[in-house]
Amino acid sequence: MITLLQAAAAPPPGQETAVTLHGYSLPDNAAATSALAAALMAELPAGSLFTPPPPVRDMDILTWVHRGALRASAPPFPPEDLTDDWLHAVGTAENGAPPLWQALQDSSLIQFHILPETQDSAPEQSVRPAFTALEDGGFRILASGFPEDDPEDNPEATLIITDGAPLALRSRTRLLHAALPCDEGAAYQTTPGRALFVLVVEGATRIGETPVRAREAALITGEENLTVIASAPSVILLVDSPLTPRSLL
């Protein structure tokens, strides 16, 4: 099943009015819930601050910089500066302070909040710069909780990826990226019991007979194979996350 989602204005309480925030309302399935807890898109004027709306504790927060330059502050980790197409991942503690992002210039970001499946590992901070030569074409994994994807372990206060490897997550979730020329496609295969969240950052695409345009998203369940065709040059982010039966929660 495919559900088309529109970005809706969602200014959180206490947020700077200069920040424009949109969120995607993820359907509340009566039988199962996805590890993807929130998907947000924010526009930040230079000098503004962004703190995501709650809940943000005990999450893996993935922030992808669409354009601009940001400084991520997520105590107790050191601040990190980010720029176009960089990915920042931080695990928040149950009782920790919420992270915030400062725009060093006019910027836009896309953020995903992922519920961890294990409490065995401590929260970490990681940064993955853009690897343009590696990520032009089909889907490439930016972050993963699957050992077979060889995500980088983090022995330091902050891990900086230098070889294009994925960042590590605390759940069996993947974040993938594709940059497609017009009339080109990207294919992906998942396994049963999972949800695919496809966000068209820019451009225009179609999934089967369903058009998905810039800033629109598609939530797909009950399907293991995905093919996205670009109707115009397009940038796509894909989150593949597990569905957990509510009876087990």
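It should be emphasised that the depicted structure is a prediction, and the values quoted were computed from it without experimental measurement.

Q: For this particular structure, what's the right way to read the pairing of strand S12 (residues 107-114)?
A: On any regular strand, side chains alternate: one points to one face of the sheet, the next to the other face. Counting buried positions along S12 yields eight of eight residues, so the element is predominantly enclosed. Burial of the side chains of S12 extends over both faces: Ser107, Leu109, Gln111 and His113 are buried on one face and Ser108, Ile110, Phe112 and Ile114 on the other. In terms of strand pairing, strand S5 (residues 36-44) meets S12 through eight bridges, oriented antiparallel. Looking across to S12, one finds that Met41 is bridged to Ile110. The sheet contact formed by strand S7 (residues 60-67) and S12 spans seven bridges and is antiparallel. Bridged to Ile61 within S12 is His113.

Q: Which parts of the structure should I look at to understand the sheet that holds strand S8 (residues 69-73)?
A: On the basis of which strands lie adjacent, the open sheet formed by four strands has the order S6-S11-S8-S9 and antiparallel pairing. The open sheet has two free edges, formed respectively by strand S6 (49-50) and strand S9 (80-83), since each of these has just one partner strand. As paired elements, S8 and strand S11 (residues 100-103) share four bridges and run antiparallel to each other. By the bridge assignment for S11, Arg71 is matched with Gln102.

Q: It is not clear to me how the environment of Leu104 should be interpreted in this structure. Could you clarify?
A: For Leu104, the location among the structural elements is in the loop between S11 and S12. Sequence-distant contacts of Leu104, that is, excluding residues within four places in its chain, are made with Ala46, Ala69, Leu70, Arg71 and Asp81.

Q: I'm lost on the environment of Val239 in this one. Help?
A: Relative to the assigned elements, Val239 resides in strand S22 (residues 225-245). Look past the residues within four positions of Val239 in its chain and what remains in contact with it is Leu36, Phe112, Ile114, Thr173, Arg174, Leu175, Ala195, Leu196 and Phe197.

Q: Is there a simple way to explain the nonpolar core in this structure?
A: The biggest cluster of nonpolar side chains holds 30 residues, and the ones touching the most others in it are Leu62, Phe112, Leu175, Phe197 and Leu199. Among the elements of the structure, S5, S7, strand S10 (87-91), S12, strand S14 (137-144), strand S19 (194-207), strand S21 (216-221) and S22 are those that each provide at least two residues to this core. With four residues, the single largest contributor to this core is S19. Setting aside its immediate chain neighbours within four residues, Leu199 contacts Tyr24, Met41, Ile110, Phe112, Arg215, Glu216, Ala217, Val235, Ile236 and Leu237. If you look at the next biggest cluster of nonpolar residues, it comprises 20 residues, including Val65, Leu82, Ala103 and Val127.

Parameters at a glance
- Residues numbered from 1 in each chain as written.
- Predicted model: local features only at pLDDT ≥ 70, side-chain atom pairs only at ≥ 80, totals over all residues.
- Heavy atoms only, no water.
- Buried < 20%, exposed > 50% of the residue type's maximum accessible area, 1.4 Å probe, protein only.
- Helix = DSSP H or I, 4+ residues; strand = E, 2+ residues; numbered from the N terminus.
- Pairing = 2+ DSSP bridges.
- Contact = heavy atoms within 4.5 Å.
- Core = buried A, V, L, I, M, F, W, Y, C linked by side-chain atoms within 4.5 Å.

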